[in-house]
Amino acid sequence: MFFMVSCLTVERKQYTFEFTGKNSGKLTIKYINIMSDEDSAGYTRVQDFDELLSSYINGSKIEESYPEAQNISKRLYEENGVLCGEVIMNFPNLQAARLYQFDKKSPFMFYASSVDGESYIESNGSYGGDVMPVVLWPSKLKKLIVSTSVSKPSESSASLLDEYRKWKK
């Protein structure tokens, strides 16, 4: 769910990579506080929620972003008073999950720069900082976690939680 297409945005994202085989496993991406940026192009929350459903939940935006991923599931839910999304997929290799490893002894690496407008917050690995915006994890680790920020809530942003509640009924 890369929301820069319309007025959709998200406050934070959390990636959890769980290895179940050699360089393969399950990737869970949690989108925390899905919002509409009402300051741009005159879009409304209703239109943005419709875009969220048609392009991301029922559409193929995720599949296009992760073309090698398999068994992709997507859902929306409410947590702690905000609208969240979750995408779970299996990855057959590191590249499919946007990870890299130079050789078997090297750490796993994840590029955490301003890709898709994201900024590094925290992880269970080591972060190289602004000079080297890469998260590194020991090659023996089986669960890799990294959180990024995308868009801080502002006066021009509005939660899509009410639209979700109406849709869910």
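Residues numbered from 1 in each chain as written. Predicted model: local features only at pLDDT ≥ 70, side-chain atom pairs only at ≥ 80, totals over all residues. Heavy atoms only, no water.

**Here we look at the packing of helix α1 (residues 45–57) against helix α3 (residues 161–168)**
In step 1: Packing of α1 against α3 brings their axes to within 9 Å, and their N-to-C directions diverge by 65°. Once α1 is placed against α3, the crossing between them reads as right-handed. Here R45, V46, F49 and L53 of α1 come into contact with α3, specifically with E163, Y164 and W167.
In step 2: Of the residues belonging to the contact of α1 with α3, the class tally is 5 nonpolar, no polar and 2 charged. (Axes fitted to C-alpha atoms, helices over the stretch in contact; angles between N-to-C directions. Helix = DSSP H or I, 4+ residues; strand = E, 2+ residues; numbered from the N terminus. Left-handed = near helix turned anticlockwise from the far one by under 90°. Contact = heavy atoms within 4.5 Å. Nonpolar A, V, L, I, M, F, W, Y, C, P; charged D, E, K, R; others polar.)

**A word on the packing of aromatic side chains**
In step 1: For the structure on display, the rule yields 9 aromatic pairs.
In step 2: Ring geometry for Y15 and F17: centres 6.3 Å apart, planes at 5°, overall stacked. Across the pair, F17 and Y15 agree in class, each one buried.
In step 3: An aromatic cluster of at least three residues, connected via ring pairs, comprises Y15, F17, F110 and W137.
In step 4: We note R75 situated over the ring of Y77; from NZ or CZ to the ring centre the distance is 4.0 Å.
In step 5: Here the basic side chain of R98 rests over the ring of Y66, its NZ or CZ set 4.4 Å away from the ring centre. (Phe/Tyr/Trp six-rings, centres within 6.5 Å; stacked < 30°, edge-to-face > 60°. Buried < 20%, exposed > 50% of the residue type's maximum accessible area, 1.4 Å probe, protein only. Lys NZ or Arg CZ within 6 Å of the ring centre and 35° of its normal.)

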